[in-house]
Every structure is written in C-alpha cells, then in structure tokens.
Amino acid sequence: MAEDDVDFVIAAYRDEGAWTVVELPPRLGEDFDGFTDALARFPSDVGVLGLASVNDDFFVIVRRSGEHVRALLSDATAVWDWPLAADLAELVNAVDGDEEPEPVGDLDIVSDLGLASVELSLLCDDDDLFPDEALADLAERLGFGEQFEAIVG
C-alpha cells in the first residue's frame, strides 16, 4: 500500500465539551498500531476518535480511551488487500477474509455520542456514499462536522 492510497487520517477529541479535530499523517492509515498509538496523545473526556478513509474504498473508526481500543471497519472485504483492515479485523477477532462487504467490529463505537449502531451500519452499507462522505455524515451527527470539512474538504 502506498501512502497516496490513504485519503485522510484525522483525530477528533472532546475536551471540556468542545470538539477538536486534527489531521494526522497519512502514513498512519497504513499502520494500525501506529494509528492507535497516535490517538493516545490527545486528551478527551469521551475517548479519542480516529477516522481514516483509504483509497475511496473503505473507512476505519478507532476509539481510544487510555489503553482501551475499540474499532470498526466499514467493509470486511478490505482485509484481503489492506494491512490496516487486516490488523483491525485481528483486533476485533473477525473471521478472516469475509466475502461480503459488511462492517466488522464495534457498531456501538459511537452510540453513546449520539449515533446508534443501526445508523452506523446504514452508513457502512450505503453503496452511494464514498468513505469520506460517510465519515462526514458521522462527524456532522456527532457535532464536529464543520471542523471535519475544514480538514478533509
């Protein structure tokens, strides 16, 4: 995987009720451990969200609170071609190489922030949305849409 295959990687964290969104190096979209380690440096009262879009193909949501890491992969078929997806699938004990384009991991990853698992599942399953559009919708619903758009465009 080349670094230019990564569309973007961002971190979103809420501290004292206000969201902050920062762009992270694209290389973190190739390295799940590096991605989760980078999230540890941000303060947050709800856990830090890491959002990555890869090759207009799939997205990843990671939520880190201290040492606890939760994750969601939008498309299980990505594990065949992308190390980031394969590492995430291993973390969540997913079946190797699912042939169906279904989400893998924790669909409740942001339910306490206002986006129910069924709504997140619908975002993952919407064939008309590119990964950046699905994540923009998620960001808007969680309350940091403008900051997301300022970085991602």
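Because the structure is a prediction, the values reported are computed rather than measured. Residue positions are given per chain, counting from 1 as you read along its sequence in written order. Confidence filtering applies because this is a predicted model: local features only for residues at pLDDT of at least 70, side-chain atom pairs given and counted only at 80 or more, and all residues used for totals across whole chains, interfaces and linings. As a rule here, side-chain values cover all heavy atoms of the structure and leave hydrogens and water aside.

**Thoughts on the layout of surface pockets**
Cavity means a closed set of points on a 1 Å grid over the protein atoms alone, one where a 1.4 Å probe fits but cannot get out, pocket means an open set with protein on both sides within 12 Å along at least 5 of 7 lines, and lining means a residue has an atom within 4 Å of a point. Grid points are joined across faces, edges and corners, and a volume is the space filled by probe spheres set on the points. Of the pockets and cavities examined, the largest pocket occupies roughly 250 Å³. Residue lining of the largest pocket: 16 residues in total, with Asp57, Cys124, Asp126, Asp127 and Leu129 positioned closest to the centre. A helix here means a DSSP run of H or I that spans at least four residues, while a strand means a run of E at least two residues long, and both kinds are numbered starting from the N terminus. Within the residue set of the lining of the largest pocket, elements represented by two or more residues are β4 (58-65), α3 (117-125) and α4 (131-142). Of the residues forming the lining of the largest pocket, the biggest block, three residues, is contributed by α3. Throughout this entry, Asp, Glu, Lys and Arg are counted as charged residues, while Ala, Val, Leu, Ile, Met, Phe, Trp, Tyr, Cys and Pro are counted as nonpolar. The remaining residues, Gly among them, count as polar. Broken down by class, the residue content of the lining of the largest pocket amounts to nine nonpolar, one polar and six charged.

**Focus on helix α1 (residues 32-39)**
Across the eight residues that make up α1, a large majority, six, are buried. Taken residue by residue, α1 has Phe32, Gly34, Phe35, Thr36, Ala38 and Leu39 as its buried positions. The criterion used for residue contact is that any of the two residues' heavy atoms lie within 4.5 Å. Those residues of α1 that are buried lie in contact with β1 (6-15), β3 (48-54), β4, β5 (68-73) and α2 (83-91). Exposure classes here rest on a 1.4 Å probe applied to the protein chains alone. A residue is buried below 20% of its type maximum, exposed above 50%, and partly exposed in between.

**Overview of the sheet that holds strand β6 (residues 104-105)**
An order of β2-β1-β3-β4-β5-β6 is seen for the six strands of this open sheet, with the pairing classed as antiparallel. Looking at the sheet topology across the chains shown, the edges are occupied by β2 (18-23) and β6. Think of each axis as a best-fit line through the C-alpha atoms, taken over the contacting stretch in the case of a helix, with angles from 0 to 180 degrees between the N-to-C directions. Running at roughly 45° to β4, α1 makes contact with β1, β3, β4 and β5 of the sheet. Contacts between helix α5 (residues 145-152) and the sheet are confined to β1, β2 and β3, with β2 contributing the most and set at about 15° to the helix. When DSSP locates at least two bridges between a pair of strands, those strands are taken to pair.

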